[in-house]
Amino acid sequence: MNNVNGSVVGSSSGSGDGSAPRRNSKRPKYSRFTQQELPACKPILTPKWVISVFTLIGVVFVPIGIASLMASNDVVEIVDRYDNVCVPPNMTNDKVAYIQNNETDKSCRRTLEVPKHMSQPIYVYYQLDNFYQNHRRYVKSRNDAQLRKHSQENETSGCDPEKRTKDGAPIVPCGLIAWSLFNDTYIFAIGNKNLTVNKKGISWKSDRDHKFGKDVLPKNFQSGPLIGGGKLDDTKPLSEQEDLIVWMRTAALPTFRKLYGRIEQDLNAGDVITVTLENNYNTYSFSGKKKLVLSTSSWLGGKNDFLGIAYLAVGGLCFFLAVAFTIVYLVKPRKLGDPSYLSWNRNPAGH
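The model shown is predicted, which means the values in this text are computed figures rather than measured ones.

### Thoughts on the overall build of the protein
Counting its secondary structure elements, the protein contains ten helices and nine strands. The C-alpha radius of gyration computed for the protein amounts to 34 Å, which surpasses the reference 20 Å derived for 351 residues by more than 25%, pointing to a less compact arrangement than a globule. The principal-axis extents of the C-alpha atoms in the protein amount to approximately 110 × 75 × 40 Å. The buried share of the protein, reckoned over its 351 residues, is 31%. Counted over contacts in the protein with a minimum sequence separation of 6, partners at least 24 positions apart contribute 79%. With an accessible surface of roughly 22,300 Å², the protein has 55% of that area assigned to carbon and sulfur atoms. Across the protein, 45 positive and 32 negative side-chain charges occur, with their mean positions spaced 13 Å apart.

Next comes the structure, spelled out in structure tokens:
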């Protein structure tokens, strides 16, 4: 028996590490964290606590909603759609041919009346509808390294189909986003006095300082047979061409506004603004719309009623639920944690 036992023990120890004991279980090492035994706060949703929370949310949200709506109503906004009215009557049936003809006069005059006093600064936007800047291939058609450094001007990867000329020279800036730069222009006047539009500082400072190089100059831009949009000044670096910087920050939705400039003087109610514009940008081929927007701002930003309505709706709903729960609690109270309300206690037979 001893020899047998010894041979058995020897064979088992020789097949593995004799210094480490064999694990007979796959159970993990015990830990209060892995076994979810850490102390935790488990609040009991008593009727009084629930009613108090709903009331508190209503008290906070309703004033915020009222303040947001008041701020939005204080914003004065003038919106003028001009893409249809600026087409000559004889070209209304073929708007694409009109906009693609370089010899056709694209100038147009619009008249805007100021409905209320507008305090400076007055922001000038152009709005495009049905323009999908969020399309994946469009968003990817750019090269950020090329935009930042002059030494990377030959880096055109990802810029298809606007990456190089027929001769193989790089296009700076390359890609569809820059190629489709918005190029309508606006000149404002009241009577015989022109309104100056300040186009400095309309882009994000971080974009000017970090995304567009001060030594990067446009090169071979819009030199192909098909012109997509505006042209750039070859003598100015990209960091100073703020129209391009604003356009290159792509919009997430198909309807968007982009800042064109600022009018830094007050406008009085009843003032008539004459806008002389150049209707150059082609939105007719994809059934888009173009609008000119003049807007003031408030502490909340531009005109937007949604935020105030949302706060009021949530606050009002919470007030309603608080009142409803209070009535139910007073009219038909029940003991908290009463096991008689459990379904199997109400119907012990299980039917």
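### Concerning the state of the cysteines
Per the counting criterion, the structure on display carries two disulfides. There is a disulfide in this structure between C86 and C108, and the S-S distance comes to 2.1 Å. The chirality of the disulfide connecting C86 with C108 is left-handed, given an S-S dihedral of about -75°. Of the two residues, C86 is situated in the loop between β1 (77-81) and α3 (95-100) and C108 in strand β2 (residues 107-113); the sequence distance between them amounts to 22 residues. Look at C86 and you get buried, because its relative accessible area is 5%. Paired through a disulfide, C159 and C174 show a sulfur-sulfur distance of 1.9 Å. With C159 in the loop between α5 (144-148) and α6 (176-179) and C174 in the loop between α5 and α6, this residue pair connects regions lying 15 residues apart in the sequence.

### Considerations on the UniProt feature "transmembrane region" (unreviewed entry) in the protein
Per the UniProt record, "transmembrane region" (unreviewed entry) is annotated on residues 49-71 and 306-331. Note that residues 49-71 is 100% helix and 0% strand, and that its end C-alpha atoms are spaced 34 Å apart.

### Details of the layout of surface pockets
Picture a little ball the size of a water molecule; that probe, rolled over the atoms, points out where space is still empty. By volume, the largest pocket is sized at about 760 Å³. Every residue lining the largest pocket is counted, 26 residues in all, and those nearest its centre are W179, I227, G228, G229 and N282. Among the secondary structure elements, those contributing two or more residues to the lining of the largest pocket are α3 and α6.

### A look at the packing of aromatic side chains
Summed over all chains, the structure comprises 16 aromatic pairs. Between F54 and F325, the ring centres sit 5.8 Å apart and the planes meet at 55°, which makes this aromatic pair tilted. Here the residue F54 occupies a position in helix α2 (residues 47-74), and F325 occupies one in helix α9 (residues 306-331), the gap between them amounting to 271 residues. On the basis of relative accessibility, which here comes to 37%, the residue F325 falls in the partly exposed class. Ring geometry for F131 versus Y138: centroids 6.1 Å apart, planes at 80°, classification edge-to-face.

### Brief notes about the sheet that holds β2
Reading across from one edge, β2-β8-β4-β5 is the order of the four strands in this open sheet, with antiparallel pairing throughout. Across the chains shown, the open sheet's two edge strands, defined by having one partner strand only, are β2 and β5 (193-195). The sheet shows a mean angle of 30° between the axes of neighbouring strands, taken without regard to direction. Here β2 pairs with strand β8 (residues 272-278) via seven bridges, running antiparallel. In the sheet register, C108 faces β8, and the bridge partner there is L277.

Rules and cut-offs
- Residues numbered from 1 in each chain as written.
- Predicted model: local features only at pLDDT ≥ 70, side-chain atom pairs only at ≥ 80, totals over all residues.
- Heavy atoms only, no water.
- Helix = DSSP H or I, 4+ residues; strand = E, 2+ residues; numbered from the N terminus.
- Rg over C-alpha atoms; globule rule 2.2 N^0.38 Å.
- Buried < 20%, exposed > 50% of the residue type's maximum accessible area, 1.4 Å probe, protein only.
- Contact = heavy atoms within 4.5 Å.
- Areas by Shrake-Rupley, 256 points an atom, 1.4 Å probe, with all protein chains shown as cover.
- Lys, Arg positive; Asp, Glu negative; His and termini not counted.
- Charge placed at Lys NZ, Arg CZ, Asp CG, Glu CD.
- Disulfide = S-S within 2.5 Å.
- UniProt positions renumbered as here; feature names shortened; annotations may be inferred.
- 1 Å grid on protein atoms, 1.4 Å probe; cavity = no way out; pocket = protein on both sides within 12 Å on 5 of 7 lines; lining within 4 Å.
- Points joined across faces, edges and corners; volume = space filled by probe spheres on them.
- Phe/Tyr/Trp six-rings, centres within 6.5 Å; stacked < 30°, edge-to-face > 60°.
- Pairing = 2+ DSSP bridges.
- Axes fitted to C-alpha atoms, helices over the stretch in contact; angles between N-to-C directions.

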